[in-house]
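Per-entry structural report
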Amino acid sequence: MSHRLRRIIGFCLLVVSVLIAGSMYLRFTEEKLWGFAPLFLYLAAYGGLLLLRTFRRDGSYRANNLLSTMSGLLLGLGFPGLLPFPFLLLVGFVPLLILHQRLKEKKAGYGEVFRHGFSAFVLYNILATYWVTNTAFAAGLVAVVANSCLMCLPWLFFHWTSMRSPKVAILALVAGWIAFEHGHYNWELNWPWLTLGNGFAQFPSLIQWYELTGVLGGSAWIWASNYLAFKTYSAPALRRPKIWLALVVLLPLLGSLVRYFTYNAPPSDTIKVASIQPNFEPHFEKFANNQGAQIDTFKRLSLAATNAAPVDYIVYPETSFSRIEENNPLNNPPMGILTEELAGRTKYLVTGFDGYYIFPEGASLSKAVRYVQRRDGSPVALEALNAVLQVDLLTEQTQTYRKGVFVPG
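What comes next is a walk through the structure.

1. Thoughts on the overall build of the protein
Along the backbone of the protein there are 12 helices and seven strands. When burial is assessed residue by residue, the protein has 42% of its 409 residues classed as buried. Long-range contacts, defined here as pairs at least 24 residues apart, represent 68% of the contacts in the protein between residues at least 6 apart. Accessible surface for the protein amounts to roughly 22800 Å². Of this, 63% is attributable to carbon and sulfur atoms.

Okay, here's the thing in structure tokens:
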């Protein structure tokens with residue numbers, strides 16, 4: 001592809017991304033969802049910027065960008081969402097490892113190593129998590145960019161180690177990546193969705209061995225496969241890497257399949273559960289002022305689910321109800337209507353809600369306390385919360401469980 005053609009295509013892709021952004025804004029003003037539009041926006045912007053950045057570069061630089069792009073594609077398409085083919089994850093990092101070998105041979109600086117790693121990881125994040133943008137544009141963009149930067153930390157640690165202790169560099173990369181994933185579960189900006197081991201979530205029969213190692217064991221397994229695939233590529237005449245690659249990939253899968261198809265559940269009592277999904281559109285419809293219609297939908301679906309016979313539990317989604325006082329949740333009118341309608345049809349009602357807890361006078365206050373005024377002007381201390389409520393419809397006793405880890409931001 002000529003320099004001129006590369007530049008023209010790059011500019012055209014950026015124009016396309018601007019047009020998609022404009023159509024997304026118009027749909028937002030009309031209270032319509034974006035669907036796949038954020039994916040096309042990100043991909044057009046990514047392709048345009050990549051072509052404009054490389055159109056004057058030599059062939060080796062463009063080849064390196066092709067390798068990083070290949071890794072981003074393999075990882076993104078291997079993760080659940082667009083394609084149900086997680087086996088791509090087992091070789092998704094191979095192009096990046098080949099690229100790093102080239103960068104190391106030419107003694108590239110940390111800036112170039114970062115740029116190529118970021119290019120791969122940002123494409124991976126776009127393909128796997130573009131849908132976050134449907135919640136809010138800023139949230140989706142920050143999630144893609146910030147998480148890609150965080151993924152570059154173990155990548156740069158790998159490069160630093162390879163310059164000083166090449167024999168342990170791959171171990172440093174795997175350890176750094178697993179530490180990054182573990183940290184993503186345990187800090188305030190947690191975003192563990194892209195934990196590599198989650199890539200096989202659509203195929204539980206293949207990952208029964210996670211009960212021994214956890215999902216991070218799956219991440220280590222994916223990295224082991226990538227390293228052995230890279231060694232096979234680097235030394236195709238050697239048989240040992242091929243044998244080890246086959247064993248590492250096949251043995252866990254075969255053992256998992258045996259476990260899955262020979263498992264017999266222990267005898268126990270069973271319960272009947274009706275899971276109700278009203279399917280309210282979550283951006284514009286759910287929080288509109290049509291609570292009566294929403295209550296009617298919950299009631300209609302619940303009665304239909306219990307017409308044949310009573311059930312033990314009826315379960316509603318997260319934040320099904322708002323402005324519920326945790327101290328006395330049944331005082332909320334919608335909850336009163338539903339508990340009255342469902343009496344005799346189920347033993348327990350379980351629902352998510354967002355509401356508040358009022359601190360009694362003299363009680364110790366939490367860090368999340370806020371003060372509001374009652375109608376008579378007196379102040380009251382309360383704490384906003386997101387929680388689950390269980391109502392025993394026989395005794396009207398209630399239990400709540402508060403959500404402890406919230407969505408970042």
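The discussion continues.
2. Concerning the packing of helix α7 (residues 169–184) against helix α9 (residues 215–234)
Direction vectors running N to C along α7 and α9 enclose 150 degrees, while the axes themselves pass 10 Å from each other. Classified by the angle between their axes, α7 and α9 sit roughly antiparallel to one another. Like other packed secondary-structure pairs, α7 and α9 cross with a definite hand, here right-handed. For the pair α7 and α9, contact is made by Ile170, Leu173, Val174, Trp177, Ile178, Glu181 and His182 and by Leu216, Ser219, Ala220, Trp223 and Tyr227, respectively. Partitioned by chemical class, the residues of the contact of α7 with α9 number nine nonpolar, two polar and one charged.

3. Observations regarding the side chain of Thr297
Relative to the helices and strands, Thr297 is located in helix α11 (residues 291–305). Residue class for Thr297 comes out buried when judged on its relative accessible area of 14%. A polar contact of 3.0 Å, which involves the side chain of Thr297, links it to the backbone oxygen of Ala293. If sequence neighbours within four positions are ignored, Thr297 has contacts with Pro278 and Phe280.

4. Notes on helix α2 (residues 37–54)
The α-helix winds at 3.6 residues per turn, so residues separated by three or four positions along the chain end up facing the same way. Compared with the 26 Å implied by 1.5 Å per residue over 18 residues, the 26 Å span of α2 between its first and last C-alpha is a close match. For α2, the buried fraction is high: 13 of the 18 residues fall into the buried class.

5. Examining the pairing of strand β5 (residues 370–373)
Pairing analysis gives four bridges linking β5 to strand β6 (residues 379–392), with the strands arranged antiparallel. Bridged to Arg370 within β6 is Leu382.

6. Looking at the nonpolar core
Ranked by size, the top nonpolar core spans 45 residues in total, and within it Phe93, Phe121, Tyr124, Trp177 and Trp221 carry the most contacts. At seven residues, the largest contribution of residues to this core is made by α7. Apart from residues lying up to four places away in sequence, Trp221 is in contact with Leu90, Phe200, Trp209, Val248, Val249, Pro252 and Leu253. In terms of nonpolar packing, the next biggest core, distinct from the first, is built from 20 residues, Ile276, Ile295, Phe321 and Leu338 among them.

7. Concerning the packing of aromatic side chains
Tallied over the full model, the rule gives 25 aromatic pairs. When the centroid spacing of 5.5 Å and the interplanar angle of 70 degrees are considered together, the rings of Trp177 and Phe180 count as edge-to-face. Of this pair, Trp177 and Phe180 both sit in helix α7, three residues apart, which is roughly one turn of that helix. The pair formed by Trp177 and Phe180 is uniform in burial state, with each residue classed as buried. With a centroid separation of 5.2 Å and 55 degrees between ring planes, the pair formed by Phe200 and Trp221 is classed as tilted. With a gap of 21 residues between them, Phe200 in the loop between α7 and α8 (210–213) and Trp221 in helix α9 connect regions that are remote in the sequence. An identical accessibility class is assigned to Phe200 and Trp221; each is buried. Aromatic rings pair up to connect Phe85, Phe87, Phe200, Trp209, Tyr210 and Trp221 into one cluster.

Here is what the cut-offs are and how they apply
Residues numbered from 1 in each chain as written. Predicted model: local features only at pLDDT ≥ 70, side-chain atom pairs only at ≥ 80, totals over all residues. Heavy atoms only, no water. Helix = DSSP H or I, 4+ residues; strand = E, 2+ residues; numbered from the N terminus. Buried < 20%, exposed > 50% of the residue type's maximum accessible area, 1.4 Å probe, protein only. Contact = heavy atoms within 4.5 Å. Areas by Shrake-Rupley, 256 points an atom, 1.4 Å probe, with all protein chains shown as cover. Axes fitted to C-alpha atoms, helices over the stretch in contact; angles between N-to-C directions. Parallel < 35°, antiparallel > 145°, perpendicular 65-115°, else oblique. Left-handed = near helix turned anticlockwise from the far one by under 90°. Nonpolar A, V, L, I, M, F, W, Y, C, P; charged D, E, K, R; others polar. Polar contact = N/O pair within 3.5 Å; in protein donor to acceptor, adjacent residues only side chain to side chain. Expected span 1.5 Å × (residues − 1). Pairing = 2+ DSSP bridges. Core = buried A, V, L, I, M, F, W, Y, C linked by side-chain atoms within 4.5 Å. Phe/Tyr/Trp six-rings, centres within 6.5 Å; stacked < 30°, edge-to-face > 60°.

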